[in-house]
Amino acid sequence: MVGIDRYHSTLWLRLATTTESAAALIGAFVWLFAGCLTSPYGQLDPLVVSLWLDKVQETISLATMLRLGPEEVLGFYGFPLIALGVAAVALIRSNPSDRFRWVVGIAPLTALFAISVWEIRGTAGAAMVAAPMFAAGAAIAWPSLAIGRNLVLLAFVVSPAAFTVLGPAIEPLIDLIFEQQKMYFTSLPKPQDVRACRTSLP
């Protein structure tokens, strides 16, 4: 789409190529991976979900993360969110002929960030997509930062590693904003309790 838009940029051509690409991708996905459209945990035993899946960090949501460990939120969500903001600024400041490319890049990053709000495991993909977009966006939004080591220094300051260190450092301040709840792991049930749970399930 970006290649076509570069050589012949019109609104109707953009809409046509976007619609055709979306239809082809969605059709191929439904044909090849129809099972992925169902709930990812729909076939799991509710007992497994309650005793194990709900306690795995990778499957918790942003809302749960804010309750259980708000000091870790910056390390997971800070960099993708900043990259989205920088990309939006670059979209506004870039030439009209280049804006469509930013839209194509912002769309998947927004989708990955939305997934990470539902499940924290989505932050890994969001961070990988955010890294090149942040570098390119910062160079367009603030050209002076693209000279020498300034861009590298800026990328380090807003990196997930820096936010991971910053979160625990400002934990006393975070505790004033968010009321943390400890996460207790349920002990293994007795065999008779498991049978009782199974018989009560629909």
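A. Broad picture of the pattern of salt bridges. Summed over the entire model, instances satisfying the criterion amount to one salt bridge. Measuring nitrogen to oxygen at the nearest pair gives 3.3 Å for the salt bridge that ties Arg121 to Glu119.

B. Fine view of the nonpolar core. With 24 residues, the main nonpolar core has Tyr77, Leu109, Met133 and Phe134 as its most contacted residues. Of all the secondary-structure elements, those providing two or more residues to this core are helix 4 (62-68), helix 5 (73-93), helix 6 (99-118) and helix 7 (122-141). The biggest single contributor to this core is helix 5, with eight residues. If sequence neighbours within four positions are ignored, Tyr77 has contacts with Ser61, Leu62, Phe113, Ser116, Val117, Ile120 and Thr123.

C. Molecular detail of the packing of helix 5 against helix 9 (residues 160-169). Two numbers describe how helix 5 lies on helix 9: the axes approach to 8 Å, and their chain directions differ by 135°. Judged by the angle between their axes, helix 5 and helix 9 are oblique. Seen along the crossing, helix 5 lies across helix 9 with a hand that is right-handed. In contact with Leu74, Gly75, Gly78, Phe79 and Ile82 of helix 5, helix 9 contributes Pro160, Phe163, Thr164 and Leu166.

Definitions and cut-offs
Residues numbered from 1 in each chain as written. Predicted model: local features only at pLDDT ≥ 70, side-chain atom pairs only at ≥ 80, totals over all residues. Heavy atoms only, no water. Salt bridge = Lys/Arg side-chain N within 4 Å of Asp/Glu carboxyl O. Core = buried A, V, L, I, M, F, W, Y, C linked by side-chain atoms within 4.5 Å. Buried < 20%, exposed > 50% of the residue type's maximum accessible area, 1.4 Å probe, protein only. Helix = DSSP H or I, 4+ residues; strand = E, 2+ residues; numbered from the N terminus. Contact = heavy atoms within 4.5 Å. Axes fitted to C-alpha atoms, helices over the stretch in contact; angles between N-to-C directions. Parallel < 35°, antiparallel > 145°, perpendicular 65-115°, else oblique. Left-handed = near helix turned anticlockwise from the far one by under 90°.

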